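This is what each chain is made of:
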Amino acid sequence: MEKKTQSGKIDTDTFLAQIGNHQNPVTGSINTPLYFSTTYEHPTLGESTGYDYTRTKNPTREVLESALAVLENGTVGLATSSGMSAVQLVFSQFPVGSEIVASRDLYGGSYRYFQELEKQGVYQFIYVDDEAGFETKITDKTTAVFIETPTNPLMSEVSIERIAAISKKHQAQLIVDNTFYTPLIQRPLDLGADIVLHSATKYLGGHNDLLAGAVVARSKEVGAQLAYQLNTTGAVLSPFDSWLLIRGLKTLALRMERHEKNAQAVAKYLQTNAKVKEVLYPGRGGMLSFKINKQEQIKDFLRNLSIFTFAESLGGVESLITYPTTQTHADIPEGLRESYGLTPDLLRISVGIEASEDLIADLKQAFEQLN
Ligand SMILES: *Cc1c(COP(=O)(O)O)cnc(C)c1O
């Protein structure tokens with residue numbers, strides 16, 4: 001993957017490693033300086049250094065935001081205080097009463113927020129179960145379309161290009177939550193989406209030590225509107241967290257390569273295990289889910305693991321295992337969850353960057369202790 005920079009075309013791996021470098025002529029600092037100052041001196045009346053107040057613009061966050069825009073190939077990048085505030089920011093732009101079409105299998109927190117918006121009479125949501133459903137559910141009444149691909153936790157992919165084409169035909173804005181694949185595997189704006197967002201808490205940050213969100217817009221107009229809204233409502237990323245996220249991004253390419261290699265090995269192992277009913281892995285990225293034959297053994301299985309940590313979240317260097325039914329997706333009503341395949345025999349794994357042999361050995365011994 002190639003990116004244009006001032007010095008010509010460089011590979012994304014190079015771009016990532018170099019974020020913030022060559023930008024500090026006074027000191028030569030290779031690392032992005034961390035500006036904690038909330039306010040900035042004005043040279044004189046009517047003049048500004050370009051920085052006035054940190055909610056509006058902060059030099060550390062600015063380095064991060066321009067890197068995010070380059071990574072997702074958009075015009076404007078914004079860093080928010082969490083993935084949910086990124087979702088909220090994107091949904092701050094539509095008129096009350098708008099009709100939104102969304103994937104059925106969504107991050108539980110996004111679903112909870114959409115339910116809340118609907119309850120308050122802000123928007124009306126129409127959920128779609130599979131790719132074909134978008135053809136019929138997106139109409140001239142649709143204001144925006146919100147998708148995750150692959151879906152969470154069922155890991156099914158939809159074609160962004162196809163949904164972008166349908167959205168465009170009906171003049172609906174397409175928003176993609178790209179948390180699972182990151183721009184290294186999939187760049188939604190290049191495939192026709194209008195806005196891409198992330199929970200940067202996951203792969204972009206990558207170390208389970210930072211809560212953050214990212215929004216990138218394709219057009220300058222949408223980007224300017226979102227920047228205006230973010231400054232108005234205030235859920236910006238703090239300077240220190242911006243600095244941490246820059247630090248995390250520098251190794252994103254290395255980490256994703258290893259996450260994916262390990263996930264492929266773990267998926268292969270699980271497919272041969274007689275105690276596993278089904279493995280859900282799209283072949284790309286570091287996330288996978290599987291269904292266990294005997295659901296009643298889940299508690300023991302989780303207790304038997306010693307390298308995998310039973311915890312929510314994903315995308316960090318440490319391997320985590322999640323039980324979506326009671327954790328990430330508990331806010332989706334049981335009957336609804338099960339109707340689309342999120343059954344209580346399903347476990348989700350975020351494969352870390354450890355040695356894959358150790359991960360497989362850990363799963364193996366945890367299964368072997370079950371009867
Ligand atoms: C975690 C997550 C979110 C929410 O992000 P936070 O940083 O936890 O607020 C949104 N979308 C997806 C796909 C996620 O995994």
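- By the naming in an unreviewed UniProt entry, the protein chain is Cystathionine gamma-synthase, taken from Candidatus Enterococcus mansonii.
- In its Sequence similarities (unreviewed entry) section, the UniProt entry covering the protein chain states "Belongs to the trans-sulfuration enzymes family."
- Recorded in UniProt for the protein chain, the comment headed Cofactor (unreviewed entry) runs: "pyridoxal 5'-phosphate".

1. A few points about the sheet that holds strand β4 (residues 99-103)
Next up, step 1: Strands sit in the order β3-β9-β8-β7-β6-β4-β5 across an open sheet of seven strands; the sheet is mixed. Edge positions in the sheet fall to β3 (76-80) and β5 (124-128), since each has one partner strand and no second. When the angles between neighbouring strand axes are averaged without regard to direction, this sheet yields 20°.
Next up, step 2: Relative to strand β7 (residues 173-177), strand β6 (residues 142-148) runs parallel, the two sharing five bridges. Bridge pairing in β7 links I147 to V176.
Next up, step 3: Strands β4, β5 and β6 of the sheet are contacted by helix α4 (residues 108-119), whose axis makes an angle of about 140° with β5.

2. What about the pairing of strand β10 (residues 276-280)?
Next up, step 1: Two elements, β10 and strand β11 (residues 287-292), share four bridges in a ladder whose sense is antiparallel. Paired with V279 across the two strands is F290, which belongs to β11.
Next up, step 2: As consecutive antiparallel partners, β10 and β11 are separated by six residues, and within that stretch G283 has a phi angle of approximately 90°, a positive value.

3. With respect to the site of the ligand
Next up, step 1: Near the ligand the following residues occur: S82, G83, M84, Y107, D177, T179, S199, T201, K202, L211, A212 and L314.
Next up, step 2: Taking D177, its side chain carries an N or O atom lying 2.7 Å from a nitrogen atom of the ligand.
Next up, step 3: For the ligand, an oxygen atom lies 2.7 Å from a polar atom in the side chain of K202.
Next up, step 4: When atoms are counted within 2 Å of each cavity's grid points, the one that captures over half of the ligand is the second largest pocket.
Next up, step 5: Counted by class, the shell around the ligand contains five nonpolar, five polar and two charged residues.

Basis of the calculations
- Residues numbered from 1 in each chain as written.
- Predicted model: local features only at pLDDT ≥ 70, side-chain atom pairs only at ≥ 80, totals over all residues.
- Heavy atoms only, no water.
- UniProt positions renumbered as here; feature names shortened; annotations may be inferred.
- Pairing = 2+ DSSP bridges.
- Helix = DSSP H or I, 4+ residues; strand = E, 2+ residues; numbered from the N terminus.
- Axes fitted to C-alpha atoms, helices over the stretch in contact; angles between N-to-C directions.
- Contact = heavy atoms within 4.5 Å.
- Near = heavy atom within 4 Å.
- Polar contact = N/O pair within 3.5 Å; in protein donor to acceptor, adjacent residues only side chain to side chain.
- 1 Å grid on protein atoms, 1.4 Å probe; cavity = no way out; pocket = protein on both sides within 12 Å on 5 of 7 lines; lining within 4 Å.
- Sits in = over half its atoms within 2 Å of the grid points.
- Nonpolar A, V, L, I, M, F, W, Y, C, P; charged D, E, K, R; others polar.

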